[in-house]
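The residues making up each chain are set out below.
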Number of protein chains: 4
Amino acid sequence: MIIQLNQQITSDDYKQLLSILNKYNFNTKKVRTQLGIYLIALGNTEFDIRIIGNLKGVKDVHAVNDKHKLVSRKWKTSPTSIDLGDNHYVGGGDFSIIAGPCSVENEAQIHVISDFLKEKEISIMRGGVFKPRSSPYSFRGVGIEGLQYFAHVCHEKNIKIISEVMQEEMIQPMYPYVDIFQVGARNSQNFNLLDALGKIDKPVLLKRGISGTIDELLYSAEYIFSGGNEKIILCERGIRTYEKAYRNTLDLNAVALLKEKTHLPVIVDPSHGTGIRELVEPMTLASIMSGADGVMLEMHQDPQNALSDGQQSLSLKQTGSLLEKINATVTLHKKM
Amino acid sequence: MIIQLNQQITSDDYKQLLSILNKYNFNTKKVRTQLGIYLIALGNTEFDIRIIGNLKGVKDVHAVNDKHKLVSRKWKTSPTSIDLGDNHYVGGGDFSIIAGPCSVENEAQIHVISDFLKEKEISIMRGGVFKPRSSPYSFRGVGIEGLQYFAHVCHEKNIKIISEVMQEEMIQPMYPYVDIFQVGARNSQNFNLLDALGKIDKPVLLKRGISGTIDELLYSAEYIFSGGNEKIILCERGIRTYEKAYRNTLDLNAVALLKEKTHLPVIVDPSHGTGIRELVEPMTLASIMSGADGVMLEMHQDPQNALSDGQQSLSLKQTGSLLEKINATVTLHKKM
Amino acid sequence: MIIQLNQQITSDDYKQLLSILNKYNFNTKKVRTQLGIYLIALGNTEFDIRIIGNLKGVKDVHAVNDKHKLVSRKWKTSPTSIDLGDNHYVGGGDFSIIAGPCSVENEAQIHVISDFLKEKEISIMRGGVFKPRSSPYSFRGVGIEGLQYFAHVCHEKNIKIISEVMQEEMIQPMYPYVDIFQVGARNSQNFNLLDALGKIDKPVLLKRGISGTIDELLYSAEYIFSGGNEKIILCERGIRTYEKAYRNTLDLNAVALLKEKTHLPVIVDPSHGTGIRELVEPMTLASIMSGADGVMLEMHQDPQNALSDGQQSLSLKQTGSLLEKINATVTLHKKM
Amino acid sequence: MIIQLNQQITSDDYKQLLSILNKYNFNTKKVRTQLGIYLIALGNTEFDIRIIGNLKGVKDVHAVNDKHKLVSRKWKTSPTSIDLGDNHYVGGGDFSIIAGPCSVENEAQIHVISDFLKEKEISIMRGGVFKPRSSPYSFRGVGIEGLQYFAHVCHEKNIKIISEVMQEEMIQPMYPYVDIFQVGARNSQNFNLLDALGKIDKPVLLKRGISGTIDELLYSAEYIFSGGNEKIILCERGIRTYEKAYRNTLDLNAVALLKEKTHLPVIVDPSHGTGIRELVEPMTLASIMSGADGVMLEMHQDPQNALSDGQQSLSLKQTGSLLEKINATVTLHKKM
């Protein structure tokens, strides 16, 4: 059960509410986000919610039988729109395109790509500055200084940026520069990081684990939400299967099912999701039809010489050509 | 290397060709299909194919480095169109819709559904009469008599039918009635069955194995082709993964990749591929954008009371509504 | 519910039994095997079996809540011993060693290996004569003639043989020669083949599917048993997972769980199960401790030059060394 | 290439070494651990290592073609023994038993279980105090205070303790109390945490990821080693597969293969690895035969009422019975 409280609920009314819930053997957890105050009541599944609905200080109450509460569409039936500021939104009916290199490499690159995005009216640029690498001997990113320059250039052009955060300690240093914090697949169940991201007010893009289930992804989102941050974007990025013909198996079933289960926006990453440049276009267009709220495309000014994962990066020209097809497909999908 | 021979190649020219190939240490396999005579030469990867190209009796020659030969797009670059007769085709630019119940249940059902298909201009009806069942105690189909009635009703309306064949012995009894022989996921590597289907001249729809790789699917198709039957349709039907939220994980990456690798048409089965009715529509539309040449939809006049797998069947009304969206999406995809 | 009938049950008693079951809404299936007559009654889960137990012609009755009936340990709690004839048994407390080449290659090989087995007191030799191959261009076995010679040589030495059957039509031609029919992973759900093997009286070794579940394996065994053949040996042979470090992931959890669930013997194939020679020894010994009733080892007189899968074959010397460790481990395990 | 340096290498000798490596286009990384100083040289695969071997200040040099360097058995061929202090070791020929509850629950529990371990001469107790939980609403552990008490009681009895660390910030607070830091499956590629654990001098038990490959596990170990900490224990804990009959699929192939590839000790967790109490005994004994250096058993004084995962916990009595079988099996395995 999710009980939405009035912001001005008195302490007496709150105590009374708790005592009633206590009487009915509920465990409770109070959640205060940017947008509201909620009391999550767990444990008693057969309860007449009208008992609560009429109490003072209670704005609304919903029985949510799902294991996931605050992220469930059973509670909030309309799709959530995430406000990035400056008239940029993700979800809520908008289709978002995020594009950029896997890793930020140098200043020249930032200029070339951000100019391209500006020209194409793409409003979010991706670029890693701290990179998770299987091997300790691989390139691990340009770090916080690279991020500062990245943010400086993009923000001048009214382009928002998204970059991966790998540990709690980096949230504050990165905070002034990033507009969306990305949680990578390997940290999808790094619960301390999720807790910490629940305490900030900037959006978080949460990737599905390398072999994460739909349930686990929603639970991880519930961590962030119940920590106090409602601004969550989910991201399908391919799962690990027996098939060796692609690096990951991009799972569009997950997109279609998540759109049934949650009010949060769902983005697809067809670049990492397949690892094969030729599959990016068909899987991007397929994503739109599966119900995605956006795509995250890896692109590079010179894919052959990309520092990481050049195999899956689109050139600027390929990206431009794909954008037109995306627009046509989005237009059709909205009419349906 | 694939050597296409003239139908009228003389026995002397053929002997000479073999002796040259022998000299260069090739193993050869002669393939005679409905459409041509081919000599597959294996083993010597560094060979100047012009030596062969100018010989008498040789129509054409292609070096094919792929493990798969006759099914490869490296040899036949344009998409294959499968002729079902009476102006019905699968592949080659057409988008095919196959619809019908999981199992044929009774005569009334055949009438209701075939009338619906006729009205909607859907030209292929599916319906199992021999059903593979995990448990020996489950319903196993209406058998050959049901098939006769099924064919009789559909053929009167110029609707082609597709039905699953589970063993070599049933090919001849089913032959007069079915227009496309379906090979199920569990028989995807039943090599004796594939060999036998190579000897007939009717189209075969070959499903990917329950956890079949792309490579294995193409090899299984190569069995049929090299056995003498070029009329092969591939079908993606969902793979087995760790994810329990859907019955299978429909893998559209496979569709996009198969379209790169083979000239054969690729059909998608979103009904069995997901096992969830709500996912059939988004995954059908996504399939089109991933490059599929058609979809196979499970439908039922009364899904709640379907004898098998009602959970994933669309009602007639749902099917009708989906058809309009399919048409709009196919129209857009063709323009791209 | 499984009702064991007396061999001499009168037709009147049988009719009465059926009419009672009918009254309680049971579906029934009569099963006559080499060893008994059973009536499987399905559908009514709340029924007092004593109503049946006292009827004339009824030998015994068991409520079996498992989905699997005749293969369940809930019905038959002691482990089944499969009689191969001539004092050779599989299961029932014996530990069986099956060894031999992947494919029978030639007569000399049969002599060398069968002599070795004789010397080492190994009583079952494996060897494929019809080989399932992903590619139609690979070696497909020496066929029925090779089998005749194989059987002739082994039977003279009182060695039993096991060989793979891939289709119903081959059961009769192979019947005079093989002592155990092997069903390969790709045919684990070839239900027509399973039905046909239910009608013979020789033992069947049934491999788990390439990504077959425990449930599916038991259902496939139920096909054979309910078809009339009780002599079934199960075989774990590695499953398909995301891990690329070995060809298959040999799953000993399956062995331990199968020993809980079924009375049938369970054999392990560590050679195909891992595809790596160095893993055969540790996984063989581990199999014994997981509860296996035997192992099937691939060996070759000259592994470097094996026609197929030499990478996983043991040499004669390696096999001999492993045998001593097997014996010590089996001795310890029996004491526990 | 791994170059072991003398502890007293002069700065001039070191400079000369670097300049030679530079000349041959090597990238280098200097690693200083508790036990030695190493220079890892990467990139040039065709190099005569004798050029380096004779330089001053160089103790030893090894060409290591594996992707993994410091953890590879190609460099260090004898098994590593990890010294826990007070005559307790893991690896190097010893078989270690770690036992205890999933989560530390209360003081009484610590006494009961540590007394039992003392009596049975088990020298390492496990117990989580910070628990990773999919759902934010689940019990998350007794925290650092619980850990203090846990350590106090165990250390008085000369029992070492192992407990899970989930984030870098907790390393220092936990440091005085734990003898082995456990990295859970969800943090197996939390590279910041691995880096931080490379800077301490206490042993680390590193679990394989939920669907981690052997390669990834070795790379993660390489992070810790190249960060400066040689005391690493690997742990197989079951992987995620399609099979639903057990919670995870314990993968003993991994154990056998890791023993070929690395000199680090490998422990098996059959409790989490299967999630089924009945499978713990057979899989524990099978682990020994697959080559494991130890097992980690989940046990509870009252499994029915365990706060978490009671389904897989052994009772004290079951643990005692298993210990005898472990000892007999280890004795046999050592003789082989």
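The present account deals with the structure reproduced in this document. Computed from a predicted model, the values in this text were never measured in an experiment.

What counts and how
- Starting afresh in each chain, residues are numbered from 1 along the sequence in its written order.
- The order in which chains are written sets their letters, starting at A; the order in which ligands are written sets their numbers, starting at 1.
- Note on the predicted model: pLDDT of at least 70 is required for a residue's local features to be given, and 80 or more for side-chain atom pairs to be given and counted; whole-chain, interface and lining totals, by contrast, use all residues.
- Where side-chain values are given, they derive from all heavy atoms of the structure, hydrogens and water being excluded.
- We superpose the copies by least squares over the C-alpha atoms of residues that have a pLDDT of at least 70 in both of them.
- A contact between two residues is defined here by any heavy atoms of the two lying within 4.5 Å.
- Summed over both partners, the accessible area (1.4 Å probe) lost when two parts come together is defined as the buried area.
- Every case where a carboxyl oxygen of Asp or Glu lies within 4 Å of a side-chain nitrogen of Lys or Arg is listed as a salt bridge.
- Polar contact is defined as a pair of N or O atoms within 3.5 Å, subject to the rule that within protein one atom must be able to donate a hydrogen and the other to accept it, and that residues adjacent in sequence are counted only when both atoms are side-chain atoms.
- Gly is placed with the polar residues, together with every amino acid not listed as nonpolar (Ala, Val, Leu, Ile, Met, Phe, Trp, Tyr, Cys and Pro) or charged (Asp, Glu, Lys and Arg).
- The helix count covers DSSP runs of H or I at least four residues long, the strand count covers runs of E at least two residues long, and both are numbered beginning at the N terminus.
- Only protein chains enter the accessibility calculation, which uses a 1.4 Å probe. A residue is then buried if its area is under 20% of the maximum for its type, exposed if over 50%, and partly exposed in between.
- Stacked, edge-to-face and tilted labels apply to pairs of Phe, Tyr and Trp rings (six-membered ring for Trp) whose centres lie within 6.5 Å, assigned for plane angles under 30 degrees, over 60, and everything in between, in that order.
- The criterion is that NZ of a Lys, or CZ of an Arg, lies within 6 Å of the ring centre and within 35 degrees of the ring normal, and then a charge sits over that ring.
- Strands were regarded as paired on the criterion that DSSP finds at least two bridges between them.
- Axis lines are fitted through C-alpha atoms, for helices just across the contact stretch, and the angle between N-to-C directions can take any value from 0 to 180 degrees.

Focus: the relation of the copies chain B and chain D
Screw-axis analysis of chain B against chain D gives a translation of 0.1 Å along the axis, an RMSD of 0.0 Å, and a rotation angle of 180 degrees. Classification of the inter-copy transformation places it as that of a two-fold axis. When each C-alpha of chain B is compared by its distance to the rotation axis, Tyr242 of chain B comes out closest, at 2.1 Å. A shared binding surface is used by both copies, with 100% of the interface residues of chain B retained as interface residues in chain D.

What to know about the interface of chain B and chain D
Taken together, the contact between chain B and chain D spans 4 residues of the former and 4 residues of the latter. Contact between chain B and chain D buries roughly 380 Å² in total, counting both sides, with carbon and sulfur atoms accounting for 74%. On the chain B side of the interface with chain D, the three residues burying the most area are Arg240, Tyr242 and Lys244 of chain B, jointly 87% of the side's total. Counting across the interface, chain B meets chain D through 0 salt bridges. Applying the counting criterion to the chain B and chain D interface returns 0 residue pairs in polar contact (both at pLDDT 80 or more). For the side of chain B that touches chain D, the class distribution of residues is 1 nonpolar, 1 polar and 2 charged.

As for the pattern of salt bridges
Across all of its chains, the model carries 56 salt bridges over all chains by this definition. Note that Asp269 of chain A is salt-bridged to Lys207 of chain A, the shortest N-O span being 2.8 Å. Here the residue Asp269 of chain A occupies a position in the loop between β13 (266–268) and α9 (270–274), and Lys207 of chain A occupies one in strand β11 (residues 204–207), the gap between them amounting to 62 residues. Lys207 of chain A shares its class with Asp269 of chain A; the two are buried. For Lys259 of chain D, the salt bridge goes to Asp293 of chain D, with nearest N and O atoms at 2.6 Å. In this pair, Lys259 of chain D sits in helix α8 (residues 252–261) while Asp293 of chain D sits in the loop between α10 (277–290) and β14 (294–298), placing the two residues 34 residues apart along the sequence. Summarising the burial analysis for this pair, Lys259 of chain D and Asp293 of chain D share the class buried. One network of salt bridges, with partners in common, ties together Arg208, Glu236 and Asp251 of chain A together with Glu243 of chain B.

A short note on the packing of aromatic side chains
The full count for this structure, using the stated rule, is 28 aromatic pairs over all chains. Between Tyr38 of chain C and Trp75 of chain C, the aromatic rings sit 5.5 Å apart at their centres with planes inclined by 90 degrees, giving edge-to-face as the arrangement. Of this pair, Tyr38 of chain C sits in strand β3 (residues 37–42) while Trp75 of chain C sits in the loop between β4 (58–62) and β5 (81–85), and the two are 37 residues apart along the sequence. A residue is classified by how much of its surface remains accessible, and Trp75 of chain C, at 8% relative accessible area, is buried. Each member of the aromatic cluster is reached from another via a ring pair, and the members are Tyr24, Phe26 and Phe47 of chain A. Lys202 of chain A extends its terminal NZ or CZ atom over the ring of Tyr175 of chain A, reaching a point 4.6 Å from the ring centre. Taking NZ or CZ as reference, Lys30 of chain D lies 4.3 Å from the ring centre of Tyr14 of chain D, over its face.

Looking at the sheet that holds strand β2 (residues 27–32) of chain B
Residues and elements named next belong to chain B. Read across the open sheet, the 4 strands follow the order β2-β3-β1-β4; overall the sheet is antiparallel. Looking at strand neighbours, the two that pair on one side only are β2 and β4 (58–62), the edges of this open sheet. Strand-to-strand twist across the sheet, computed as the mean angle between neighbouring axes with direction ignored, equals 20 degrees. One ladder, built from 4 bridges, connects strand β1 (residues 2–5) with strand β3 (residues 37–42); its direction is antiparallel. Of the residues in β3, the one forming a bridge with Gln4 is Tyr38.

Side note on the relation of the copies chain A and chain B
The transformation that overlays chain A on chain B combines an axial shift of 0.0 Å with a rotation of 180 degrees, and the residual RMSD is 0.0 Å. Interface overlap between copies: 100% of the residues of chain A at the interface are likewise at the interface in chain B, consistent with a symmetric, same-surface contact.

Some remarks on the interface of chain A and chain B
Contacts between the two partners involve 36 residues from chain A and, on the opposite side, 37 residues from chain B. Here chain A packs against chain B, burying approximately 2900 Å² in sum over the two surfaces, 70% of which is carbon and sulfur. Taken together, the connections running from chain A to chain B amount to 2 salt bridges. A salt bridge links Glu243 of chain B to Arg208 of chain A; its shortest N-O distance comes to 2.9 Å. Applying the counting rule to chain A against chain B returns 14 residue pairs in polar contact (both at pLDDT 80 or more). Those elements that place two or more of their residues in the side of chain A that touches chain B are α8 (252–261), α9, α10 (277–290) and α11 (316–335) of chain A.

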